[in-house]
Amino acid sequence: MGTHPNTESNTVQTLRSSLGRALVLHPVLRGVETGRSPEASLEEAVGLAAAIELEVAQAAVVKVNQPRPATLLGGGAIEQYAKLLEDAREAGEAIDLVIVDHGLTPVQQRNLEKAFGAKVIDRTGLILEIFGARARTHEGQLQVELASLTYQKSRLVRSWTHLERQRGGFGFLGGPGESQLEIDRRLIGNRIVRIKRELDDVRRTRGLHRKARAKVPYPVVALVGYTNAGKSTLFNRMAGADVFAKNLLFATLDPTMRQVVLPSGRKVILSDTVGFISDLPTHLVAAFRATLEEVQSADIILHVRDIAHPDTEAQKADVEAILADLGIDPERDPRVVEVSNKIDLLGGADLDAVLARAERSGNACALSAATGERLDTLFRILDGRMTAGRELVELDVAHGDGATLAWLYAHGEVVGRRDDDSHAHLQVAIEPAILARMGRPGQERVAA
């Protein structure tokens, strides 16, 4: 695997150490519907900045009637905020960073930096910076570096100060040689190839771990949801764990697993995953696909929603879009259970409507992870899922295979048994998912 280099991107610098005060701008393009209010989108962008401890000096929604190829923002808006930044500098309260909560091309980013006289990053750059700060495991750091280098490769012309230099060729007749830009692009390409190889090793290792877990007959329950929906708080509440959970966007990044004992005594493995977010760059989703494979292979998927958020429906759509990209249809996949979290922040008719909708669904529940209110409802749903799919199977187990006999008695319900000289002939009521983990061929299903 080799030693791991510094994962902070050369393009997206360490903002926390070099830059303190930021201006956050959320462009609203005329005719483009996002399904969420501009104010809520701006608040989310401010929250992203706060996630890496930036001080947001000012934040504003900017209406863009006609996006400009050179700057995205209109001339009037650029003039207005350039003056704001100049006034702040003259007052001794300089704003060092402008965050544009939208994708920017390298040319737009460069032109805005010239106009503002300050560093400019777009939404992708900000999310990458947060991911770089949050990644703790070697896998997480590799994933962040891969996404950062992919982003950086397209921006070399704007991001690096030395790229106009060229290295001379051999002799007098040769050309100017390979430009520094070409060298840097090639070096980044080589590094991307190496990281992908390392992530392939991680993926294979994760696959081996999954196979090892498959021999332990515990279903996997994966938590997914929009960032800050309360997944880690629910994880802690269910597992009695101490995973870092805070009212902070992307408070946790690396996946975590714990064993949970349901009220019936059945055991499941609970898996927390990275939070989703709107406009998550495609290369970020690709970089974290190894982690998200845990969701694809889960027996139950809990979609945790912040039901008290004003844009909860838009957030739900964002999560479902990423699940669909992973090949999971939230509407038709029976594994998906919707968990409406943060009901402690609701009251009156709003709370009544959420509870009634969950009751009608039969495939959803409403609770508060922070207080534990109605957590028992979720446990009942999980227990029901564990038992509803039970089938009656006939198995022949050699008397000498005491481990398998003990396993079947522990994880299924033995409803009939007949012994001969060499084998125990069992009728066992058991969930197919659990039986599949035992990895025994030749089961014969019989009528329940």
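Residues numbered from 1 in each chain as written. Predicted model: local features only at pLDDT ≥ 70, side-chain atom pairs only at ≥ 80, totals over all residues. Heavy atoms only, no water.

As annotated in an unreviewed UniProt entry, the protein chain is GTPase HflX from Azospirillum lipoferum. Regarding the protein chain, the relevant UniProt record gives this comment under Cofactor (unreviewed entry): "Mg(2+)". (UniProt positions renumbered as here; feature names shortened; annotations may be inferred.)

A.B. asks: Teacher, can you tell me more about the overall build of the protein chain here?
C.D. replies: Regarding its fold elements, the protein chain presents 16 helices and 14 strands. When burial is assessed residue by residue, the protein chain has 50% of its 448 residues classed as buried. Considering only contacts within the protein chain whose residues lie at least 6 apart along the sequence, 70% involve residues at least 24 apart. Carbon and sulfur atoms form 51% of the exposed surface of the protein chain, whose accessible area is close to 21100 Å². (Helix = DSSP H or I, 4+ residues; strand = E, 2+ residues; numbered from the N terminus. Buried < 20%, exposed > 50% of the residue type's maximum accessible area, 1.4 Å probe, protein only. Contact = heavy atoms within 4.5 Å. Areas by Shrake-Rupley, 256 points an atom, 1.4 Å probe, with all protein chains shown as cover.)

A.B. asks: Can you walk me through unusual backbone geometry in this structure?
C.D. replies: Glycine aside, negative phi is the norm for most residues, and most peptide bonds take the trans geometry. Positive phi, normally seen in glycine, also occurs at Leu72, with a value near 65 degrees. Locating Leu72 in the fold gives a position in the loop between strand E2 (55-64) and helix H3 (75-90). One non-glycine residue, Asn228, lies in the positive phi region at around 70 degrees.

A.B. asks: Teacher, can you tell me more about the packing of H3 against helix H4 (residues 106-116) here?
C.D. replies: In a packed pair of helices, the relevant descriptors are the angle between the two axes and the axis-to-axis distance. Two numbers describe how H3 lies on H4: the axes approach to 9 Å, and their chain directions differ by 50 degrees. One element, H3, and the other, H4, form an angle in the oblique class. Note on element contacts: H4 touches H3 through Leu112, Ala115 and Phe116, opposite Ile78, Tyr81, Ala82, Leu85 and Arg89. (Axes fitted to C-alpha atoms, helices over the stretch in contact; angles between N-to-C directions. Parallel < 35°, antiparallel > 145°, perpendicular 65-115°, else oblique.)

A.B. asks: Looking at this model, I keep getting lost on the sheet that holds strand E8 (residues 300-306). Mind explaining?
C.D. replies: Taken in spatial order, the six strands of this open sheet run E6-E7-E5-E8-E9-E10, and their pairing is mixed. Unpaired on one side and paired on the other, strand E6 (256-261) and strand E10 (364-366) mark the two borders of the sheet. Across this sheet, the average inter-strand angle for adjacent strands is 25 degrees, counted without regard to direction. Bridge count for strand E5 (residues 220-225) against E8 is five bridges, and the pairing is parallel. Of the residues in E8, the one forming a bridge with Val224 is His303. Of the strands in this sheet, E5, E6, strand E7 (267-272), E8 and strand E9 (336-341) are in contact with helix H9 (residues 231-239), which crosses E7 at around 155 degrees. (Pairing = 2+ DSSP bridges.)

A.B. asks: Sorry, what's going on with the sheet that holds E2 here?
C.D. replies: Pairing between sheet strands relies on hydrogen bonds along the backbone, with the strands arranged either parallel or antiparallel. Read from one edge of the open sheet, four strands run E2-E1-E3-E4, paired in parallel fashion. The open sheet terminates on both sides in strands that have one partner only, identified here as E2 and strand E4 (119-122). Within the sheet, the average angular offset between the axes of one strand and its neighbour, ignoring direction, is 20 degrees. Here strand E1 (residues 21-29) runs beside strand E3 (residues 97-100); their pairing, made up of four bridges, is parallel. Bridged to Val24 within E3 is Ile99. Against the sheet, H4 contacts E3 and E4, and its axis sits at roughly 145 degrees relative to E4.

A.B. asks: How should I be thinking about the confidence of the model for the protein chain in this particular structure?
C.D. replies: Should pLDDT be low for a region, the predicted coordinates there are not to be read in detail. Averaged over every residue, the pLDDT of the protein chain is 79; the share at 70 or more is 77%. Here residues 1-18 is a poorly scored stretch, pLDDT under 50, and it has 42 contacts once near neighbours within four places are set aside; other chains count. Scored below 50 in pLDDT, residues 440-448 makes 17 contacts in the model with residues more than four places away or belonging to other chains. (pLDDT = per-residue confidence, 0-100.)

A.B. asks: What's the story with H4 in this structure? I'm lost.
C.D. replies: Helical periodicity: at 3.6 residues per turn, an α-helix aligns residues three or four positions apart in one direction. Buried within H4 are the following residues: Pro106, Gln108, Gln109, Leu112 and Phe116. In a view along the axis of H4, the buried residues occupy a sector of 165 degrees, so they form one face of it. At the exit of H4 stands Gly117, carrying a positive phi of roughly 65 degrees. (Arc of directions from axis to C-beta.)

A.B. asks: Help me understand a negative patch on the surface, please; the structure alone is not making it clear to me.
C.D. replies: Together, Glu394, Asp396, Asp420 and Asp421 make up a negatively charged patch on the protein surface. The class for Asp421 is exposed, based on a relative accessible area of 82%. (Patch = residues over 30% accessible without salt bridge, like charges linked within 9 Å, V, L, I, M, F, W, Y side chains within 5 Å. Salt bridge = Lys/Arg side-chain N within 4 Å of Asp/Glu carboxyl O. Lys, Arg positive; Asp, Glu negative; His and termini not counted. Charge placed at Lys NZ, Arg CZ, Asp CG, Glu CD.)

A.B. asks: Whenever I open this one, helix H2 (residues 38-50) confuses me. Can you help?
C.D. replies: Taking 1.5 Å of rise per residue, 13 residues should cover 18 Å, and H2 covers 18 Å from first to last C-alpha, within 8% of that figure. Along H2, the positions that sit buried rather than exposed are Ala40, Ser41, Leu42, Glu44, Ala45, Leu48 and Ala49. (Expected span 1.5 Å × (residues − 1).)

A.B. asks: Can you help me understand the side chain of Asp383 in this one?
C.D. replies: Here Asp383 shows up in helix H14 (residues 375-388). Ignoring any residue separated from it by four or fewer positions in sequence, one finds Asp383 in contact with Leu262, Pro263, Ser264 and Arg266.

A.B. asks: Whenever I open this one, the pairing of E1 confuses me. Can you help?
C.D. replies: The buried fraction of E1 amounts to seven of the nine residues, a majority that puts the element mostly inside the structure. Direction of pairing for E1 relative to E2: parallel, over a ladder of nine bridges. The residue bridging Val24 from the neighbouring strand is Ala59, located in E2. For the crossover from E1 across H2 to E2, the handedness is right-handed. (Right-handed = clockwise from strand over helix to strand, strands pointing away.)

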